[in-house]
Amino acid sequence: MSNSITFVDLFCGIGGIRLGMERAGFECVLSCDINSECRKTYSENFGEYPLGDIKDISEKAIPNYDVLCAGFPCQPFSASGKQKGFNDHRGTLFFDICRIIEETQPKVVLLENVKNLIYHDGKRTLTVILEKLRELGYTPEWRLLNAVDFGVPQNRERIIIIASKNKNFDFNMVNTKKRTVLADFLDKKGNFEFLTPDEYTLIENPVTQKKSGLRFVGYRNKNIRKAGVRPGTEHLSRVHRQTNRIHSVNGSIPTLTSQETSGRYFIMLPDKRVRKLTLDECFRIMGFPETFKRLSAHTEQYKQMGNSVCVPMITAVADSIAKQYFKKEIYVYDTYRLIAANL
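In this text the structure is predicted, and so the values were computed from the model without any measurement.

Reading the values: the criteria
- Residues numbered from 1 in each chain as written.
- Predicted model: local features only at pLDDT ≥ 70, side-chain atom pairs only at ≥ 80, totals over all residues.
- Heavy atoms only, no water.
- Phe/Tyr/Trp six-rings, centres within 6.5 Å; stacked < 30°, edge-to-face > 60°.
- Helix = DSSP H or I, 4+ residues; strand = E, 2+ residues; numbered from the N terminus.
- Buried < 20%, exposed > 50% of the residue type's maximum accessible area, 1.4 Å probe, protein only.
- Right-handed = clockwise from strand over helix to strand, strands pointing away.

**Q** I'm lost on the packing of aromatic side chains in this one. Help?
**A** Each aromatic ring pair is described using two quantities: the centre-to-centre distance and the angle formed by the ring planes. Evaluation of the coordinates by the stated rule reveals nine aromatic pairs. Ring geometry for phenylalanine 169 against tyrosine 325: centres 6.2 Å apart, planes inclined by 20 degrees, an arrangement best described as stacked. On the criterion of sequence distance, the pair formed by phenylalanine 169 in the loop between strand 7 (157-164) and strand 8 (200-202) and tyrosine 325 in helix 7 (residues 311-325) is long-range, its members being 156 residues apart. By relative accessible area, tyrosine 325 is classed as buried at 13%. Taken together, a centroid distance of 4.9 Å and an interplanar angle of 70 degrees make the contact between phenylalanine 288 and phenylalanine 292 edge-to-face. Summarising the burial analysis for this pair, phenylalanine 288 and phenylalanine 292 share the class buried. Of the aromatic side chains, those joined through ring pairs into one cluster are Phe72, Phe94 and Phe95.

**Q** Which parts of the structure should I look at to understand the environment of lysine 210?
**A** By secondary structure assignment, the location of lysine 210 is in the loop between strand 8 and strand 9 (216-220). The class for lysine 210 is exposed, based on a relative accessible area of 77%. With 41 residues separating them along the chain, lysine 210 and glycine 251 place their C-alpha atoms 9.6 Å apart.

**Q** Help me out: how do you make sense of the pairing of strand 1 (residues 5-10) in this one?
**A** Moving residue by residue along a regular strand, the side chains alternate between the two faces of the sheet. Buried residues dominate strand 1, accounting for six of its six residues. Burial along strand 1 is two-sided: the residues Ile5, Phe7 and Asp9 and Thr6, Val8 and Leu10 are all buried. Once the chain exits strand 1 it traverses helix 1 (residues 16-23) before rejoining the sheet at strand 2 (residues 26-31), and the crossover so formed is right-handed.

Written out as structure tokens, the structure reads:
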């Protein structure tokens, strides 16, 4: 495409950011990820085998491009991890991003990470990231976005940082979508894993959490550590906080995480039966297309999915980047994409 806006896809995983960027009309010129299983899946879907460890990539060997995209490793900053931040070798990979920015001078930088990055180390980590971008000559803006506001029923909050030399990014111009419910994303038929009635307890008068759309309706009768539990959290897993809970299909699901490698996300159907979400449904709730090819073992797929991004959210951000910085309006008609210059 002669008038394409180009991007590099760093820490590409299985390609969630790439899907979102391509849906908005961008063209990828380079990708990288250290995980071999992710690289195989990425290659199968995009016809391009990503480079490996970012530390082995010479910034001088990167082709010309417009937008740097990086969903850099979140584990050092995640609330469910040890939160070592820059003291974790994965946390220092942000400075490899800076190395590439300094040499290649992209027009726009798009970074994605977990919500806890905002609060990590008394908010000092985010301050370091923003200050480093300013030192490189960029003006960063950030906002916490939630997947539930982009057409998928998942309460998944992520920080998005957009930096440019030309002008501040206006997050108010990112178009959100009408909220959906889990029921619209479920398979009608399948080899479902149902719980027996003695394996769970339903609660009376469940209340919808309006901001997240979560509707907690019960919990599995599973022994979990109770020591030091705060009131109101008795049925939360001590590890991942949510996976012992059961949610109504008339609401949303909690964040799908990479640490739940057995996919223990349970939902209550309208007939009061309780079952586990299927892997297909989890990928659908992340916004991946039905045609997306998945090669790895199920446990690895759950990790890949949980480490990825909400594709429709990235699409909306990418569309706004195109309009604000490249004066492009993107129109999508079924499988046909037209890019019209708005000059």
